[in-house]
Amino acid sequence: MTGDTDDQVAYKTTTATEYTEDDVPLAVDPGEGTPFIVIPRGGVQEVGRSCYQLETKFGTYLVDAGLNQGDGGQFPDFRGIDEGQIDAVFLTHAHIDHVGALPVIESRNLLSPRAPIITTRPTEALASTLLKDSLKIHKEKAEKPGREQLYTDADVRKVLDRFVPRGYIRSDIQDYVPNLPEQETLTFEFGNAGHLLGSAWIAFETMGSRVVFSGDLGGRSNHLPDIEDPPKADSLFLEATYGGTENHDSASETRTEIYSDAITAARNQEPVLIPSFGVGRSQELLYIFKNRLHQLDNDTRSQIQLIYDGMAVGATNTYNQHAHGEFASESIRNLRVSNGEDQPFLPDQADAGYHIDRQDALDNERTPIIIAPSGMLAGGWAPSYLVEFADRYDHANIFLCGFQAEGTPGRQLEDAIDAEAGTIEITLPALRLGEGVPDTDDGTTVEIPTEWITRYSGLSAHGARQTLREFARMVSPEEITLVHGEPDQQRALAANLADKVETVTGIRVGGMMDATPVRPRTDDDSDSALTDRPATKLLDEAEHELTFDETTAATDMDHSDLVDRMDTLEMALRTIDAELGVARHDDTFSEAEIRSIVRDEMRSLLRDEGLID
Ligand SMILES: [Zn+2]
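An account of the accompanying structure is given in this report. (Residues numbered from 1 in each chain as written. Predicted model: local features only at pLDDT ≥ 70, side-chain atom pairs only at ≥ 80, totals over all residues. Heavy atoms only, no water.)

Quick notes on helix α14 (residues 487-500)
At step 1: If you check α14, its first and last C-alpha atoms are 20 Å apart, about what 14 residues at 1.5 Å a residue would give, namely 20 Å.
At step 2: Among the residues of α14, those classed as buried are Gln489, Gln490, Leu493, Ala494, Asn496, Leu497 and Ala498. (Helix = DSSP H or I, 4+ residues; strand = E, 2+ residues; numbered from the N terminus. Expected span 1.5 Å × (residues − 1). Buried < 20%, exposed > 50% of the residue type's maximum accessible area, 1.4 Å probe, protein only.)

What to know about the packing of helix α3 (residues 121-142) against helix α4 (residues 153-162)
At step 1: Running from N to C, α3 and α4 cross one another at 170°; their axes reach a closest spacing of 10 Å. By the angle between their axes, α3 is roughly antiparallel relative to α4. Every residue of α4 that contacts α3 at Ser128, Leu131, Lys132, Leu135 and Lys139 is listed here: Asp153, Val156, Val159 and Leu160.
At step 2: Partitioned by chemical class, the residues of the contact of α3 with α4 number 5 nonpolar, 1 polar and 3 charged. (Axes fitted to C-alpha atoms, helices over the stretch in contact; angles between N-to-C directions. Parallel < 35°, antiparallel > 145°, perpendicular 65-115°, else oblique. Contact = heavy atoms within 4.5 Å. Nonpolar A, V, L, I, M, F, W, Y, C, P; charged D, E, K, R; others polar.)

Thoughts on the coordination of the zinc ion
At step 1: Only His93 (NE2), His95 (ND1), His195 (NE2) and Asp216 (OD) from the protein reach the zinc ion as donors, at distances of 2.2 to 2.4 Å.
At step 2: Each of the 4 donor atoms around the zinc ion contributes to a set of angles spanning 90 to 172°, which defines the coordination as irregular.
At step 3: Considered as a linear motif, the donors of the zinc ion on their single chain read H-x1-H-x99-H-x20-D. Taken together, the residues His93 in the loop between β6 (86-90) and α1 (96-99) and His195 in the loop between β10 (187-192) and β11 (200-206) connect sequence positions 102 residues apart. (Donors = N, O, S within 2.8 Å, 3.2 Å for Na, K, Ca; no water. Tetrahedral: all angles 85-135°; square planar, octahedral: opposite > 155°, others 65-115°.)

Topic: the packing of aromatic side chains
At step 1: Enumeration according to the criterion identifies 16 aromatic pairs in this entry.
At step 2: Note on Tyr287 and Phe345: the rings are 5.5 Å apart at their centroids and 45° apart in plane angle, and the pair reads as tilted. Placement of Tyr287 in helix α6 (residues 281-292) and of Phe345 in the loop between α9 (330-339) and β16 (350-352) is noted, with a sequence separation of 58 residues between them.
At step 3: On the basis of relative accessibility, which here comes to 1%, the residue Tyr287 falls in the buried class.
At step 4: Here the aromatic rings of Phe389 and Tyr393 are separated by 5.2 Å at their centres, their planes lie at 85°, and the arrangement is edge-to-face. (Phe/Tyr/Trp six-rings, centres within 6.5 Å; stacked < 30°, edge-to-face > 60°.)

What about the side chain of Arg358?
At step 1: Mapped onto the fold, Arg358 is located in helix α10 (residues 358-363).
At step 2: Contacts of Arg358, omitting those with residues within four sequence positions, involve Asp309, Gly353, Trp381, Tyr385 and Leu433.

Quick look at the environment of Phe78
At step 1: Within the fold, Phe78 resides in the loop between β5 (59-63) and β6.
At step 2: Considered as a pair, Phe78 and Arg108 are 30 residues apart in the sequence and their alpha carbons are 9.5 Å apart.
At step 3: Beyond its immediate stretch of four places on either side in the chain, Phe78 contacts Arg41, Cys51, Ala101, Val104, Ile105, Arg108 and Leu110.

Things to note about the packing of α3 against helix α8 (residues 311-322)
Axis angle and axis distance: for two packed helices, these are the angle between their axes and the distance between the axes, and together they describe the pair.
At step 1: Relative orientation of the contacting elements α3 and α8 amounts to 165°, with a least axis distance of 10 Å. It follows that α3 is roughly antiparallel to α8 by the angle criterion. Of the two possible hands of crossing, α3 and α8 adopt the one that is right-handed. For the pair formed by α3 and α8, the contact residues are Arg121, Pro122, Ala125, Leu126, Thr129, Leu130 and Asp133 on the first element and Met311, Gly314, Ala315, Thr318, Tyr319 and His322 on the second. (Left-handed = near helix turned anticlockwise from the far one by under 90°.)

Digging into the sheet that holds strand β24 (residues 516-518)
At step 1: The strand order across the open sheet built from 7 strands is β8-β7-β6-β5-β4-β3-β24, with neighbouring strands paired in mixed fashion. Single-partner strands in this sheet number two, and they are β8 (163-166) and β24. On average, adjacent strands in this sheet sit at an angle of 25° to one another, irrespective of strand direction.
At step 2: Those strands touched by α3 are β7 (117-120) and β8, and its axis lies near 110° from that of β7.
At step 3: The strands touched by α4 within the sheet are β7 and β8, with β8 carrying the most contacts at an inclination of about 40°. (Pairing = 2+ DSSP bridges.)

Printed below as a string of structure tokens:
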């Protein structure tokens, strides 16, 4: 469907095409006029297997290489890529849907012998934990009848050897990829995406053109810095996970809610399972308990056993090691400096699942609160715990606090709440604790009372539409391609961006394997994409730019009046500064929330001074 009217931006929907073997449309020839061609190889109208091929005159690159946890194809579609063709891989962050396919790329020899994998230091560390864990699961599954092993230990080792971990840098590709022509260049830049420790948006620039990949955008965490402003670009590949949601529920309220619900349940001796992404979400949850458990009286505290399991264990170590400097929020940095805390993500009384007898933990006096991957109950320890819960308890609690992709057990539980069913029968990819992995993909079928399930929507690591739109406005591209989102989310976002992002003339939705050209913008506006970054705009709630009434501010005011006003402003700024200091020590606020407090204060200040309406 192409909607193309005079006063509306055209947006193009391409249905995901199933290409046949000889039909993969890869005749691409980037060069003058078309410096980049981007071919999505996964992560188009889906949250999973993100992978985008970036063709340039100076090599073939991949942005991310993830796998799919839900239904649909498991790996990205690599057809048409020759052996050794890929000159480097760039990773936005270490979630499995962005890095899980790296060993397959290795086993298929798609990377050139010296191709580096360029990313941030925390992403390297987390990806290493993730890929080793993923290999273990892959090998276990491959032993089952009818399954084959697609990659080996050696492939994972080779992948890890290729990593070139850095900070949030801007650099020339020549420094990383051998044998490129020296005169002309391709530049890349990583900026904080506020989604996961080490997460980044990535900008590429060559031959007078720039393209930005948003990666997954966050801005909602209390342990990460806010999203860094991206540069302007001709084209933007934007994630759309929550494109249909203008704003999420408050993250800080949700944190308090999860904590108090868990403690109330534990006081009633009802066990709690919080299925959780091992990387990121688990640490966010542990940080909630870290900050609050010490407020409980000793009796209550000793009744609770907080368990974190599976990949959350290794990832928590990595978080404790790497969450500092440019990668951590100010509250974490303060905790380290003022309290000498070197394990900000580990509550004193948390037990790693590997160090305890898990079955005993479910039977003993203390009530377990369990944080275990996977967040969608699609693998890991969470499904095993749920099988045990179903068998042992009359009443228990399942807290769903992450995104549940289509086709996962987590989504089935979520749907059961909406259907208001009394119970739900669900097949989990697990056996009982101690019985290993299931023999077939069928796993164990259990019946779960729907009243056990609670959904918390405020903790998403993904920004809602407002965040996506602000990001798009800063990039001010001519073209936006929506990726990483289900079709209805993308449509909602496309319509909104078409309406509200002035620079945009076209928005693409869908288009798996569609070669998308990126061209320098056509307008002869002197405000080209490659000018310096814009100053961050202050936007009010109604999305209008704050405008200063210049007549009042400069002309109608005599000098002494101006001096008075400057004094008032200075005092007010000092007050804001002090409040900011307090807020920064309060770990319940995220950087984004602190910013919005400051923004509100400044607005009311400017309003008081009659500088804005
Ligand atoms: Zn992610």
